[in-house]
Amino acid sequence: MLKDHDLQYLKEWLSMQQPHTIADELIRVDSAGMALVFRLLDKGKALAVFEELDPADQQEILAGMRDRAFRELVEGMDPDDRARLIDEVPAKVAKRVLAGLSPHERQMTAALLGYPEDSVGRRMTPQVVALHRNLSVAEALDVIRTKGASAETVYTLAVVDDGRRLIGVASLRDLVTAPTDWRVGDIAETEYVSARATDDAEYAARLMRDANLLDLPIVDSEGRLLGFLTIDDAVELIEAADTEDAYRQSGSEPLGGLYLLATIRLLASRRAPWLMLLFIAAIMTINVLDFFEENLAEVTALALFIPMITGTGGNTGSQSATSVVRALALGDIRPRDLPLVLWREARVGALLGVALAIVGIGIATFFADFQLAIVVAISLLVVCTWAAIVGGCMPLLAKKLGIDPAVVSAPMVATLVDATGLIIYFLTARAVLGI
């Protein structure tokens, strides 16, 4: 529609679409197209579409806006979305955003920005409905009608005492279905799940998923209510964390946007540092081959099975590392489970090694002789066991040292196992063949 300059049909199309649909299409056009589409939206839908966008795309739209439209847009944003925008845009843009806010909105945003980076305090919404425990259900419903319009969520309601300390939660359904003369404190669920504002945001999001919550209460160190982490923000946090892990497990850095919109230079820059690191690490393989050069010269058939040994070891280690990194992300295991993981992966690796050795001994006999086949079979058994141990333990050790486990996952493990697998192969050949 933009290409054909069919603005009338574009306006009709925009009026019929949901905000998330418009946002998905909007990020595929250039800056001028974004600005034009945004001007065709009514104020309410424009804000909804704007909040669906990533901060980088939001910045593109804000850059082309006049001051009045700019102020109206950032003023209408939810405080947590606004804090996320300020976190990720240049300082000049962030300053303009804060300057365009009313004192009340600026105070709420500044409060969120005061929490540590990556903490749930930065992603929570302070716009919630808190009910005193002594209110009757009828009074509580009046409070919801009065304050609910400005709250981001009313489906989960915080129940507090005189000091605004959280003592329970109640759902809107509980209030609507309860007798109007009951006290809020009587219907509140006192065994609730909550998180502190300084807790890691990803941890809080996964806690919500595990507890099947729509909203997670966020409190300070003394248990006072600060806000809620809502389900939409939790889903975004988990998606972002999983995307980051997926990129790093493949030896790359996250793009931070759509693949087709990324420049060739950006794609290369995200991959180059990892490739360079792995390239340097691969020098170990050259050193091993150089050290065992005489053995290769004496039994040239050994060279035939080097790709099989290194490839099998690398694949086994990558499988193990991927499983452990994922289990760490889901909270299934912790660094203190290292001995259990080591023992478990050693047995898995040995079982896989036995299966591959049985196949390998037949292949090696066909291409060489039975004595070399024995070397290949033993090497496969040992290399698979070793690779599974390395792949299982490295992410846990990284986590214990405060390093992202995904950083030391598949590519790094495969490169390390390549070099050590060759050492195992040549040492086995020396022992069996007497070279």
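Residue indices begin from 1 for each chain and proceed along its sequence in written order. Residues qualify for local features only when their pLDDT is at least 70, as the model is predicted, and side-chain atom pairs are given and counted only at 80 or more; totals for whole chains, interfaces and linings, by contrast, use all residues. To get the side-chain values, all heavy atoms of the structure are used, and hydrogens and water are removed first.

A word on helix α7 (residues 79–88). Remark: exposure states derive from per-residue accessible area (1.4 Å probe, protein chains only) relative to the maximum for the residue type, with buried under 20%, exposed over 50%, and partly exposed in between. The helix count covers DSSP runs of H or I at least four residues long, the strand count covers runs of E at least two residues long, and both are numbered beginning at the N terminus. Most of α7 is tucked away, with eight of its 10 residues classed as buried. Taken residue by residue, α7 has Pro79, Asp80, Asp81, Arg82, Ala83, Arg84, Leu85 and Ile86 as its buried positions.

A word on a negative patch on the surface. A contiguous patch of negative charge on the surface is contributed by Asp24, Glu25, Glu52 and Asp232. For Glu25, the position within the fold is in helix α2 (residues 19–26). A patch is a set of surface residues, each over 30% in relative accessible area and not in a salt bridge, joined within 9 Å for like charges and within 5 Å for the nonpolar side chains Val, Leu, Ile, Met, Phe, Trp and Tyr. Only the protein chains shown count as cover for residues, with accessible areas throughout obtained via the Shrake-Rupley method and a probe of 1.4 Å. A carboxyl oxygen of Asp or Glu within 4 Å of a side-chain nitrogen of Lys or Arg is what we treat as a salt bridge. Only four residue types enter the charge count, namely Lys and Arg as positive and Asp and Glu as negative; His and the chain termini do not. For charged residues, the charge sits on one atom: NZ in Lys, CZ in Arg, CG in Asp, CD in Glu.

We note that the domain assignment places domain 1 (7–114), domain 2 (130–239) and domain 3 (282–433) within the chain. Measuring from the centre of the C-alpha atoms in domain 2 to the corresponding centre in domain 3 gives 50 Å. Where each domain begins and ends is defined by an automated method or by a domain database.

Summed over all chains, the structure comprises 14 salt bridges. For Arg84, the salt bridge identified is with Glu236, shortest N-O distance 3.2 Å. One end of the pair, Arg84, is in helix α7; the other, Glu236, is in helix α14 (residues 231–249), with 152 residues separating them in the sequence. By relative accessible area, which is 18% here, Arg84 ends up buried.

With that settled, consider the sheet that holds strand β1 (residues 128–132). Pairing between two strands requires that DSSP report at least two bridges joining them. Overall, mixed pairing links the three strands, which are arranged β1-β2-β3 in an open sheet. Edge positions in the sheet fall to β1 and β3 (166–171), since each has one partner strand and no second. Pairs of neighbouring strands in the sheet enclose a mean axial angle of 35°, with direction left out of account. With four bridges connecting them, β1 and strand β2 (residues 153–160) associate as parallel partners. Counterpart to His132 in the pairing with β2 is Val160. Contacts from helix α10 (residues 137–147) reach β1 and β2 within the one sheet, and its direction differs from that of β1 by about 155°. Angles here are taken between N-to-C directions and fall from 0 to 180 degrees, while the axes themselves are lines fitted to C-alpha atoms, restricted in helices to the stretch in contact. In this description, contact between two residues means that some pair of their heavy atoms is separated by no more than 4.5 Å.

We now examine the UniProt feature "transmembrane region" (unreviewed entry) in the chain. UniProt positions are given in the numbering used here, feature names are shortened, and annotations may be inferred rather than shown by experiment. Under the local residue numbering, the UniProt record ascribes the feature "transmembrane region" (unreviewed entry) to residues 274–292, 348–367, 374–398 and 410–433. Helix makes up 100% of residues 374–398 and strand makes up 0%, while its end C-alpha atoms are separated by 36 Å.

Attention now goes to the sheet that holds strand β4 (residues 195–196). In spatial order, the strands read β4-β5-β6; together these three strands make up an open sheet with mixed pairing. Bordering the open sheet on either side are β4 and β6 (225–230), each of which pairs with just one other strand.

Our next topic: the packing of aromatic side chains. Stacked, tilted and edge-to-face are the three classes applied to pairs of Phe, Tyr and Trp rings, where Trp contributes its six-membered ring and a pair requires centres within 6.5 Å; stacked means planes under 30 degrees apart, edge-to-face means over 60, and tilted covers the rest. Per the stated rule, a full pass over the model turns up five aromatic pairs. Seen in terms of ring centroids, Phe366 and Phe367 are 5.1 Å apart; in terms of plane orientation they differ by 90°. Their pairing is edge-to-face. Aromatic side chains Tyr425 and Phe426 sit 5.5 Å apart centroid to centroid with 40° between the ring planes, which places their arrangement in the tilted category. A single burial state applies to Tyr425 and to Phe426, both of which are buried. Only when the NZ atom of a Lys or the CZ atom of an Arg is both within 6 Å of the ring centre and within 35 degrees of the ring normal do we say a charge sits over the ring. The aromatic ring of Phe70 is capped on one face by Arg96, whose charged end is 3.8 Å from the ring centroid.

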